[in-house]
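Here are the chains, one letter per residue:
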Amino acid sequence: GPGQAAMYAGLQELGVANGEDLKETLTNCTEPLKAIEQFQTENGVLLPSLQSALPFLDLHGTPRLEFHQSVFDELREKLLERVSAIALEGKVEERYKKLEDLLEKSFSLVKMPSIQPVVMCVMKHLPKVPEKKLKLVMADKDLYKACAVEVKRQIWQDNQALFGDEVSPLLKQYILEKENILFSNDISVLHNFFSPSPKTRRQGEVVQKLTQMIGKNVKLYDMVLQFLRTLFLRTRNVHYCTLRAELLMSLHDLEISEICTVDPCHKFTWCLDACIREKFVDNKRARELQGFLDGVKKGQEQVLGDLSMILCDPFAINTLALSTIRHLQDLVGQDTLPRESPDLLLLLRMLSLGQGAWDMIDSQVFKEPKMEAELITKFLPMLMSFVVDDHTFNVDQKLPSEEKGPIPYPSTIPEAFTRFLQENRIACEIGLYYILHITKLRNKNAFLRLLPALVETFSDLAFSDIFLHLLTGNLTLLGDEFALEEFCTSLFDGFFLTACSRKENVHRHVLRLLLHLHHKVAPAKLESLQKALEPTKQSGEAVKELYNQLTEKLELRKPSPAEVTETPSMELPLPTVPTPASR
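Residues numbered from 1 in each chain as written. Predicted model: local features only at pLDDT ≥ 70, side-chain atom pairs only at ≥ 80, totals over all residues. Heavy atoms only, no water.

K.L.:
Just checking my understanding: could you explain the pattern of salt bridges for this structure?
P.N.:
Side chains that differ in charge, positive against negative, can pair when their charged atoms come close. One pass over the structure, following the stated rule, counts 25 salt bridges. The shortest N-O distance in the salt bridge between Asp273 and Arg202 comes to 3.0 Å. Of the two residues, Asp273 sits in helix 17 (residues 266-278) while Arg202 sits in the loop between helix 12 (198-201) and helix 13 (205-214), which places them 71 residues apart along the sequence. Neither residue differs from the other here; Asp273 and Arg202 are each classed as buried. For Asp343, the salt bridge is made with Arg287, and the minimal N-O distance between the two is 3.1 Å. Of this pair, Asp343 sits in helix 21 (residues 342-355) while Arg287 is found in helix 18 (residues 283-294), placing the two residues 56 residues apart along the sequence. The buried category is assigned to Asp343, whose relative accessible area is 11%. Relative accessible area serves as the criterion here: at 44%, Arg287 is assigned to the partly exposed category. (Salt bridge = Lys/Arg side-chain N within 4 Å of Asp/Glu carboxyl O. Helix = DSSP H or I, 4+ residues; strand = E, 2+ residues; numbered from the N terminus. Buried < 20%, exposed > 50% of the residue type's maximum accessible area, 1.4 Å probe, protein only.)

So, in structure tokens, the structure goes:
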């Protein structure tokens, strides 16, 4: 049948008889049994000592096929071992010459399943498979699939589209994995998006597969970077920047110097990677990073595009922002102004380089973004004054109260703070991290004071997934406050619900939070929230799914009607707050 034909494809070219020949012999002969015997003799294993042994096997009912198959398997194993040995022995030119001759002889049998592994093994060990053979492999889906990655690399490096087809599903998978973590139902302050160490992240499936596909091939590495740049430009999705850094560091872990030495970002990324591991930029590393930035030479400014992409990785931004907040607190203690701290200025310089990545790569104008003086002279001192407000309030609480009564916590925010968060990207990023910081300290007063400033921020950063993921995690520390009507009204009506109807992701994050904390929320408030958060026709599957989960949980909490009538409630119902009319 056709299957048989494929099995013996290419034998005739080598002058080896196959099934077709036997058929022809038998059709045109007078004594079939004699013809079969002759065919067996001519095409059997040519070892004199075997001639007498074969009839002995026949007596034991061992089919000739089984015998030939086992001899064949044994020989194939030997051949595979021999090919791998040839690839390592003798002078380089000679060993490759041997392998090329072997490929020439065996390639016509590449479609025979039994011989294919040998042909593939020969190609795998050839640093340059002849162009003609590569084209034949490429044209045949099954052969291409059966190829070793060493051979595929040779095909890919001259076929960007084909390589793109292989890489594309991996990049999709990577982005999806990141989003799944950000929207995960486990909300915790201890285990969040930024918890895994860089080394752990690089063990991820996608990074490992890409590393394997690239091998030591600089051309393929450059292609992947080009894909990542293009996708970052097209989508503005910052996870592509993370992958850019992870890939380089994965090759660094494997000590692939062929690539690391030609990537101008290598040493910078390596140093930054150590900071990300510590979640802090210490003084020694700060000097080192500054050295790299100051060392960008005239005519090489293009490297700034790559460095900015490395700095735009959310893990880098997270580290720089956390370090900035820590520096500001230290400055309050030292009575020093932001502009007098070179370390702080360097952090801001790197933050603005990272935040400017998209614009730089888009415009292809490679120079560091200008830092606004007001950020340093007005905005950061304002944040420091908030830190001072907290100290003053805390000290004041401890003082014996005079007739004047307790001093209230400052409730207004400077109008300038709100304006900075709306108009300045770096100010907004640092402001958001300051709010995460006070939430983590369970500082409810400071949180409620600054929360109104988050309703309108630079390019809606306060409603971005990474911020909301971290905020919901930190809010679990303020769990007990959710029993208070006033707190819930500020948080939900004042912040979350202002964006829920126009931003699907915000809707998801609120539902995640409630799934986690519903048992802490004032009952009347919970009821109005359940109404306000009901999915609309436009809502996606994820929102509907979360809402159903929440509804189920709340059903389980409701006492059954029987219980309600028996125990008259002593508590007065809480006044329900009207939910803002949905727009």
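On we go from here.
K.L.:
Help me understand the packing of aromatic side chains in this model?
P.N.:
Each pair of aromatic rings is reported with the distance of its centres and the angle of its planes. For the coordinates displayed, the defined rule picks out 17 aromatic pairs. Relative to Phe417, the ring of Phe386 has its centre 5.2 Å away and its plane inclined at 75 degrees; by these criteria the two rings are edge-to-face. Taken together, the residues Phe386 in helix 23 (residues 373-398) and Phe417 in helix 24 (residues 415-423) connect sequence positions 31 residues apart. Phe386 gets classed as buried once you look at its relative accessible area, which sits at 3%. Taken together, a centroid distance of 6.3 Å and an interplanar angle of 35 degrees make the contact between Phe386 and Tyr434 tilted. One end of the pair, Phe386, is in helix 23; the other, Tyr434, is in helix 25 (residues 425-440), and 48 residues separate them in sequence. Note on accessibility: Phe386 and Tyr434 belong to one class, buried. Through pairs of rings, three or more aromatic residues link up here, namely Phe447, Phe463, Phe482, Phe487, Phe492, Phe495 and Phe496. One cation-aromatic arrangement involves Arg236 over Trp358; the distance from NZ or CZ to the ring centre is 3.5 Å. (Phe/Tyr/Trp six-rings, centres within 6.5 Å; stacked < 30°, edge-to-face > 60°. Lys NZ or Arg CZ within 6 Å of the ring centre and 35° of its normal.)

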